[in-house]
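Chains, contacts and geometry: an overview
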2 protein chains.
Amino acid sequence: MRYSFASRTVSLLSSPLRQIRENARLNSFISLAEELPAQELFPVKRLEEAAQDVLASGPDVLQYGEPEGFGPLREWLTAEWGGRKNAFVAPSQVLLTTGTQQAIDLVVRLMVDEGDSVLVENPTSPGCLQVLSMQGAKVIPAVSDGNGLLVHELEQQMKLHRPKLLFAAPTFSNPTGGVWDMGRRQDVLELCRRYSVLFVEDDSYGELDLNLKRGEVHPSLFALDDGGQGGQVLYIGSFSKTIAPALRTGWAAGASHVIEGMTVLKQLADMQSSTMNQRLLHRLLTGPGFSWHDHLAQLNKEYATRLKLMLELLKRPLWKEVTWRVPEGGMYVWARLPEGLDSAILLKAALPKGVAFMPGGLCTAGKEGASFIRLNFSHPGRDELFLGMNLIGETIAEFTARS
Amino acid sequence: MRYSFASRTVSLLSSPLRQIRENARLNSFISLAEELPAQELFPVKRLEEAAQDVLASGPDVLQYGEPEGFGPLREWLTAEWGGRKNAFVAPSQVLLTTGTQQAIDLVVRLMVDEGDSVLVENPTSPGCLQVLSMQGAKVIPAVSDGNGLLVHELEQQMKLHRPKLLFAAPTFSNPTGGVWDMGRRQDVLELCRRYSVLFVEDDSYGELDLNLKRGEVHPSLFALDDGGQGGQVLYIGSFSKTIAPALRTGWAAGASHVIEGMTVLKQLADMQSSTMNQRLLHRLLTGPGFSWHDHLAQLNKEYATRLKLMLELLKRPLWKEVTWRVPEGGMYVWARLPEGLDSAILLKAALPKGVAFMPGGLCTAGKEGASFIRLNFSHPGRDELFLGMNLIGETIAEFTARS
């Protein structure tokens, strides 16, 4: 090599995700590692009609648009999403992004200097941890139980580290699928106010409620924070898991000066996301033949069925030393391996059998992630799920038989 | 504000570009500041047919794809672009990006640590300068005459500053529209080899050749560098100026380890660009009823006409103290204001008249940019161009009359 990379880049280049991806391209490989929705449920016919309409409207749709995103879609979001979730913001407080990953990258670039502390709900999404590592943040893992972050411990960490951000997913997190209770939501928000910490609320999976008998889940912290007016919360949402990933449309909503700052950084990062795709999505959501509410209900019904199958498979003898909590929503089961078994080592043994999962270390800031794996149930079909779970179970059993 | 931004972000938030944009939204405002292609020339009918085809092929097109981009489009690029330009690379050496802006952001994030030196052809694109500023690079302006960078000065700067990158647009740059001659291309490449500098070749405007009688322009530095095999050059191209910006598709081609590094960073930045848009583009380029060659020829013919009109208008008495070089390609005229007139001050006087241009300071790393303005001729229609040039000319005349 005749020139050198930036210092922080180097560690990112050796991620095990690359090896999973290389394998996943092979035929007959089964990956429960992915973050893929079920493509059978994409509204492809409706989008085909929407595309015809939108492109027939003339060349404007193919031109550069506003860097903050197509105005009518931002208006739809403030009305539909804002109204349903009691999050009252103006369209100017919404930035359309290329999925939630970009929203995370932008807010971290906006706020975090090298060496700044950032609190992260632990475990958390692999994408968030990578962004923080790239930005040179000092990542502080915040401890949670099944009901949310532990408030006393969190306050001690805020006092000690003076973090700039707290990154968490209170509703159906990636990877746990858990839900914070109401008290924790209020207490954590109060702490963020007291210690001047911006709460980044990742609601990427917030619509995927798999408890079909429940009414509404608890309000988002964004809604509790005076509908975004207080500015203590940046909300991040996505259409990738609910409509289709290839539209590459997510959004961030928050205080005006944060959204304006992120918009400037977005222009620097990629000028803007595709106006055409945003118009397509807007046409789908507001046009005939499509009900957002019915679509979500159908999606959640199917995902609940897939989860049920995975939970059945987890009860089989091969999995007897593995423990897990039933997720309330989202696309994953977060499972603890038998004592002493390391998920990165398990993955190395599983790949040659033609199967992958997400090793827990990639979802955690501390070391305890090594004893966890994340299993995706939204994407694999029924047969794949059977076979994949069997192959992983066998690999685990081979290790436990030895010890 | 209850929390603070990162230190480098703050300066970016006060850019005059924001004020231009705010004004440009008003009705009857004429902006010659934009980087917009002519939407009358978008192949909107062909893209409508392509969208029908692509979406009818099933839900796969809406799923996540490869982070490096749709394989067949990368293959098309290596065959068509690579073949035509004598740049011989494998598809694995090509990364599809959300336009050239993202390619620039990714390579800078990959390579540049805070405080690292980066050489920049001066003047250069505003987007490049913003990325470098955000990454904390020490920007060193490289001096050029009408034939390319000055080689002796460049070598002194390389010796003194040990830069990581040299960023330049040897063919039809934004903003000058100039072309480096063959000798300079070879000499600069040789210097990059000797001093281990990665040459980032921005060819965003490289297809927009407005000298209709010329055959091929000089080969790109990428092609001179052993077709990318040597790895001293990263080539950056775009479909935003040739097909349509809303497809948000550009690409970077280079040595495998650079492309792999950029791909990892792309996943961190936004997971991936839209597979659907990449498939649309591929279908357009390879499908019936569309000739890439004829399309480019038609585009260049129309832009040459628009340039001719702008050059006529520049000869009017209002512009008599302004000087410029006729651009060889691209979408802009780079003009020097009368002695002592500052382009940022001129812009403030022009905005209330309902017209904007790009002040030269945003295109330059040094201070001399203040005496230049960049005028776009690709987007405004004939009447807009007449009126806009008249309004700017009047504003200049008001200043020169006073002094």
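Residues numbered from 1 in each chain as written. Chains lettered and ligands numbered in written order. Predicted model: local features only at pLDDT ≥ 70, side-chain atom pairs only at ≥ 80, totals over all residues. Heavy atoms only, no water.

Residue and element names in this part refer to chain A. Here strand E2 (residues 94-97) shows no split at all, with Val-94 and Leu-96 on one side and Leu-95 and Thr-97 on the other all buried. The sheet contact formed by E2 and strand E10 (residues 250-253) spans 4 bridges and is antiparallel. Pairing of Val-94 across the sheet is with Ala-253, part of E10. (Buried < 20%, exposed > 50% of the residue type's maximum accessible area, 1.4 Å probe, protein only. Helix = DSSP H or I, 4+ residues; strand = E, 2+ residues; numbered from the N terminus. Pairing = 2+ DSSP bridges.)

Residues and elements named next belong to chain A. In contact at an axis separation of 10 Å, helix H13 (residues 343-350) and helix H14 (residues 382-402) are set at 120° when each is read in the N-to-C sense. Between H13 and H14, the interaxial angle falls into the category oblique. In the crossing of H13 with H14, the sense of the turn from one axis to the other is right-handed. Contact residues: H13 offers Ile-345, Leu-346, Ala-349 and Ala-350, while H14 offers Thr-395, Ile-396 and Phe-399. Looking at the contact of H13 with H14 residue by residue, the class counts come to 6 nonpolar, 1 polar and no charged. (Axes fitted to C-alpha atoms, helices over the stretch in contact; angles between N-to-C directions. Parallel < 35°, antiparallel > 145°, perpendicular 65-115°, else oblique. Left-handed = near helix turned anticlockwise from the far one by under 90°. Contact = heavy atoms within 4.5 Å. Nonpolar A, V, L, I, M, F, W, Y, C, P; charged D, E, K, R; others polar.)

What follows concerns the domain arrangement of chain A. All names here are of chain A. Annotation of chain A at the domain level lists domain 1 (9-42 + 293-402) and domain 2 (47-286). Counting residues at the interface gives 32 residues for domain 1 and 31 residues for domain 2. Summed over both sides, the interface between domain 1 and domain 2 buries roughly 2700 Å², with carbon and sulfur atoms accounting for 63% of that surface. Counting the surface domain 1 buries against domain 2, the share from its top three residues, Leu-12, Asn-300 and Glu-328, is 21%. The interface formed by domain 1 and domain 2 holds 1 salt bridge in total. A salt bridge links Glu-328 to Arg-214; the nearest nitrogen and oxygen atoms lie 2.7 Å apart. There are 15 residue pairs in polar contact (both at pLDDT 80 or more) connecting domain 1 and domain 2. For the side of domain 1 that touches domain 2, the secondary-structure elements that each account for two or more residues are helix H1 (9-12), helix H12 (292-314) and strand E12 (332-336). The dominant element in the side of domain 1 that touches domain 2, judged by the number of residues it contributes, is H12, at 8 residues. (Domains from an automatic or database assignment. Buried area = accessible area lost by both parts, 1.4 Å probe. Salt bridge = Lys/Arg side-chain N within 4 Å of Asp/Glu carboxyl O. Polar contact = N/O pair within 3.5 Å; in protein donor to acceptor, adjacent residues only side chain to side chain.)

Right, let's talk about the nonpolar core for a bit. Counting 155 residues, the largest nonpolar core has Leu-166 and Ile-243 of chain A together with Leu-166, Ile-243 and Leu-375 of chain B as its most contacted members. No other element matches the 10 residues that helix H12 (residues 292-314) of chain B contributes to this core. Excluding anything up to four places from it in sequence, Leu-166 of chain B contacts Leu-119, Val-120, Glu-121, Leu-149, Leu-154, Met-158, Val-188, Cys-192, Val-197, Leu-198, Phe-199 and Val-200 of chain B. Tyr-3, Val-112, Val-264 and Leu-265 of chain B belong to the second-largest nonpolar core, a separate cluster that totals 72 residues. (Core = buried A, V, L, I, M, F, W, Y, C linked by side-chain atoms within 4.5 Å.)

Let us now look at the relation of the copies chain B and chain A. With an axial shift of 0.0 Å and an RMSD of 0.0 Å, the rotation relating chain B to chain A amounts to 180°. With respect to symmetry, the two chain copies, as superposed, fit the operation of a two-fold axis. Take the interface residues of chain B: 100% of them recur as interface residues in chain A, which is what a same-surface contact looks like. (Least-squares fit on C-alpha atoms with pLDDT ≥ 70 in both.)

Taken together, the contact pairs 83 residues of chain B with 83 residues of chain A. Between chain B and chain A the total buried area reaches about 7200 Å² when both faces are included, carbon and sulfur atoms providing 57% of it. The interface formed by chain B and chain A contains 2 salt bridges. Asp-105 of chain A is the partner of Arg-109 of chain B in a salt bridge, and the nearest nitrogen-oxygen pair spans 2.8 Å. At the boundary of chain B and chain A, one finds 31 residue pairs in polar contact (both at pLDDT 80 or more). Only helix H1 (9-12), helix H2 (16-24), helix H3 (44-56), helix H5 (99-111), helix H6 (126-134), helix H10 (256-270) and helix H11 (275-286) of chain B provide two or more residues apiece to the side of chain B that touches chain A. At 10 residues, H10 of chain B tops the list of elements feeding residues into the side of chain B that touches chain A. Grouping the amino acids of the side of chain B that touches chain A by side-chain chemistry returns 38 nonpolar, 26 polar and 19 charged.

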